[in-house]
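A closer look at the structure
Chain residues, written in single-letter form:
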Amino acid sequence: MKEAIKILIVEDEMIIAANTSLQLSNLGYDVTGIIPKGEDALVHIKENKPDIILLDINLKGTLTGIETAQIIQQDFKIPIIYVTANSDNTHFKKAIKTNPHAFISKPFKKLDLQRAIELTINRIQPEKPPNTSTQKVKDSSIILNDCIFVRHHEKMVRVNIKDIFYIEAERNYCRIHCKNKEYLLSTTLKDMNDKLPHQHFIRVHRSFIVNLSNIDEIATSHIVISKKAIPISTDSKKQLLQLIQKV
């Protein structure tokens with residue numbers, strides 16, 4: 001069982017850095033440190049090498065973010081995700097020469113951060129034979145009567161069905177939204193719908209499956225779960241109302 005992905009934050013705005021660190025910890029990542037200067041980050045990396053670095057382009061200190069990235073790529077070859085409020089073309093051209101794995105523009109949402117890191121992890125993970133990859137998709141979740149086990153950072157994590165709010169499609173993936181956590185699975189929403197116990201879940205839209213127990217409101221064209229408005233088709237609404245009447 002592998003350890004959590006280690007991420008170093010190199011950011012001179014401490015409020016942003018602290019908020020980013022909290023979001024990363026909630027997502028299950030290990031934050032190795034918050035460093036405000038590029039030259040200090042290089043010292044930190046030698047002592048505690050991270051798997052990924054979140055690097056602000058406009059750092060205060062002797063080294064800029066881009067100069068810091070150049071040294072990191074030359075000496076350590078660690079994947080870099082740039083975080084910047086400056087998206088002008090000149091900075092972008094300079095930054096792209098350092099071969100970053102992603103860019104995040106400030107201010108960013110938790111989902112922007114999460115997707116950038118997940119894409120980076122997928123790029124740096126060694127390729128596996130087709131059969132192994134296929135098996136991973138099949139084993140990305142194990143569904144029981146009262147819970148499901150989902151693959152999260154190379155571990156199988158128990159998620160109680162009552163804690164699941166809804167499941168959202170993201171192309172060939174699907175994301176499970178719970179009260180305090182999200183899980184991205186390498187399976188389609190259709191496959192999840194086929195496996196899930198229908199006494200607990202209903203597919204209300206091509207992009208959403210919801211937990212019947214956690215619906216707060218049913219409106220004309222949407223339902224609400226934990227303040228999230230989720231679209232619902234006419235046919236699905238009829239089916240939902242029938243299920244509620246049976247209950």
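Scroll up to find the structure this text is about.
Residues numbered from 1 in each chain as written. Predicted model: local features only at pLDDT ≥ 70, side-chain atom pairs only at ≥ 80, totals over all residues. Heavy atoms only, no water.

1. Focus on the sheet that holds strand E14 (residues 217-218)
Worth spelling out the cut-off: Whether two strands pair comes down to DSSP finding at least two bridges between them. What counts as a helix is a DSSP run of H or I of at least four residues, what counts as a strand is a run of E of at least two, and both are numbered from the N terminus.
The 3 strands are arranged E14-E15-E16 in an open sheet whose pairing can be described as antiparallel. The sheet terminates laterally at E14 and strand E16 (228-231), the two strands that pair on one side only. The pairing of strand E15 (residues 222-225) with E16 spans 4 bridges and is classified as antiparallel. Of the residues in E16, the one forming a bridge with Val 224 is Ala 229.

2. Comments concerning helix H5 (residues 110-124)
To be explicit about the condition: For a helix, the expected span equals 1.5 Å multiplied by the residue count minus one. Exposure is judged per residue with a 1.4 Å probe applied to protein chains only, and the accessible area is read against the type maximum: over 50% gives exposed, under 20% gives buried, and values in between give partly exposed.
Spanning 15 residues, H5 covers 21 Å between terminal C-alpha atoms, matching the ideal 21 Å at 1.5 Å per step. Among the residues making up H5, those that are buried are Leu 113, Gln 114, Ala 116, Ile 117, Glu 118, Thr 120 and Ile 121.

3. Some words on the nonpolar core
Within soluble globular proteins, side chains that are nonpolar generally end up buried alongside one another. Put simply, the test is: Only buried Ala, Val, Leu, Ile, Met, Phe, Trp, Tyr and Cys residues count toward a nonpolar core, and they belong to the same one when joined by side-chain atoms within 4.5 Å. Between two residues, a contact is recorded if the distance between any of their heavy atoms is within 4.5 Å.
Val 10, Ile 45, Ile 53, Leu 55, Ile 72, Ile 80 and Tyr 82 are the most contacted members of the largest nonpolar core, which has 19 residues in total. Contributions of two or more residues to this core are made by strand E1 (6-10), helix H2 (38-47), strand E3 (52-56), helix H3 (65-75) and strand E4 (80-84). With residues up to four places along the chain from it excluded, the contact list for Ile 45 reads Leu 8, Pro 50, Ile 53, Ile 72, Phe 76 and Ile 78. One finds Tyr 29, Ile 81, Leu 113 and Ile 121 within the second-largest nonpolar core, a separate group that totals 17 residues.

4. Let's talk about empty space enclosed by the protein
For clarity, the cut-off: Only protein atoms enter the calculation, which uses a 1 Å grid: trapped sets of points that fit a 1.4 Å probe without letting it out are cavities, open sets showing protein on both sides within 12 Å along at least five of seven lines are pockets, and any residue with an atom within 4 Å of a point is a lining residue. Grid points are joined across faces, edges and corners, and a volume is the space filled by probe spheres set on the points. Under this grouping Gly is polar, as are all residues other than the nonpolar Ala, Val, Leu, Ile, Met, Phe, Trp, Tyr, Cys and Pro and the charged Asp, Glu, Lys and Arg.
One pass over the structure, following the stated rule, counts 1 cavity of 30 Å³ or more. The volume enclosed by the largest cavity comes to roughly 50 Å³. Lining the largest cavity are Ile 9, Val 10, Glu 11, Ile 16, Thr 20, Leu 54, Leu 55, Val 83 and Phe 108. Sorting the residues of the lining of the largest cavity by element identifies E1, helix H1 (14-26) and E3 as the ones contributing at least two each. When its residues are assigned to classes, the lining of the largest cavity shows 7 nonpolar, 1 polar and 1 charged.

5. Concerning the pairing of E1
Spelled out, the test is: The handedness rule is simple: strands pointing away from the viewer, and a clockwise path from the first strand over the helix to the second, make the crossover right-handed.
Of all the 5 residues making up E1, 4 are buried; the element is thus mostly covered by neighbouring parts of the structure. In this region the chain leaves E1, passes through H1 and returns to the parallel neighbour strand E2 (residues 30-35); the handedness of that crossover is right-handed. Here 4 bridges tie E1 to E3, and the two strands are oriented parallel to one another. Within E3, the position partnered with Leu 8 by the bridge is Ile 53.

6. Some words on the packing of H2 against H3
Using the following cut-off: Think of each axis as a best-fit line through the C-alpha atoms, taken over the contacting stretch in the case of a helix, with angles from 0 to 180 degrees between the N-to-C directions. Any angle from 65 to 115 degrees is called roughly perpendicular, while one under 35 is roughly parallel, one over 145 is roughly antiparallel, and all others are oblique. Crossings are classed by handedness, with left-handed meaning an anticlockwise turn of the near helix from the far one by less than a right angle and right-handed meaning a clockwise turn.
Direction vectors running N to C along H2 and H3 enclose 20 degrees, while the axes themselves pass 9 Å from each other. Overall, the two elements H2 and H3 adopt an arrangement that is roughly parallel. For H2 against H3, the interelement crossing comes out right-handed. Across from Gly 38, Leu 42 and Ile 45 in H2, the residues of H3 making contact are Thr 68, Ile 71 and Ile 72.

7. Overview of the environment of Met 14
Relative to the assigned elements, Met 14 resides in helix H1. Here the alpha-carbon distance between Met 14 and Ile 34, two residues 20 residues apart in the chain, equals 8.4 Å. The contacts of Met 14, once residues within four sequence positions are left out, are Ile 34 and Pro 36.

8. Focus on the side chain of Asn 211
With respect to the helices and strands, Asn 211 occurs in strand E13 (residues 208-211). If we skip the residues at most four places from it in the chain, Asn 211 touches Ile 161, Lys 162, Ile 164, Phe 165, His 200, Phe 201 and Ile 225.

9. Considerations on the sheet that holds E1
Picture the strands of a sheet paired through backbone hydrogen bonds; they go either parallel or antiparallel. With parallel pairing, 5 strands are arranged side by side in an open sheet as E2-E1-E3-E4-E5. Among the strands making up the open sheet, the edge pair consists of E2 and strand E5 (102-105). Direction aside, neighbouring strands of the sheet carry axes that sit 20 degrees apart on average. Pairing analysis gives 4 bridges linking E4 to E5, with the strands arranged parallel. Looking at E5, one finds that Val 83 is bridged to Ile 104. Against the sheet, H2 makes contact with E1, E2 and E3, and its axis sits at roughly 145 degrees relative to E2, the strand it touches most.

10. Quick notes on unusual backbone geometry
Negative phi is the rule for most residues except glycine; trans is the rule for most peptide bonds. The step from Lys 106 to Pro 107 runs through a cis peptide bond, and the omega angle for that step is -10 degrees. Here Pro 107 shows up in the loop between E5 and H5. A positive phi angle, near 55 degrees, is found at Lys 77, a position not held by glycine. Residue classification places Lys 77 among the exposed residues on the basis of a relative accessible area of 65%. Positive phi outside glycine occurs at Lys 227, with the angle close to 70 degrees. One can find Lys 227 in the loop between E15 and E16.

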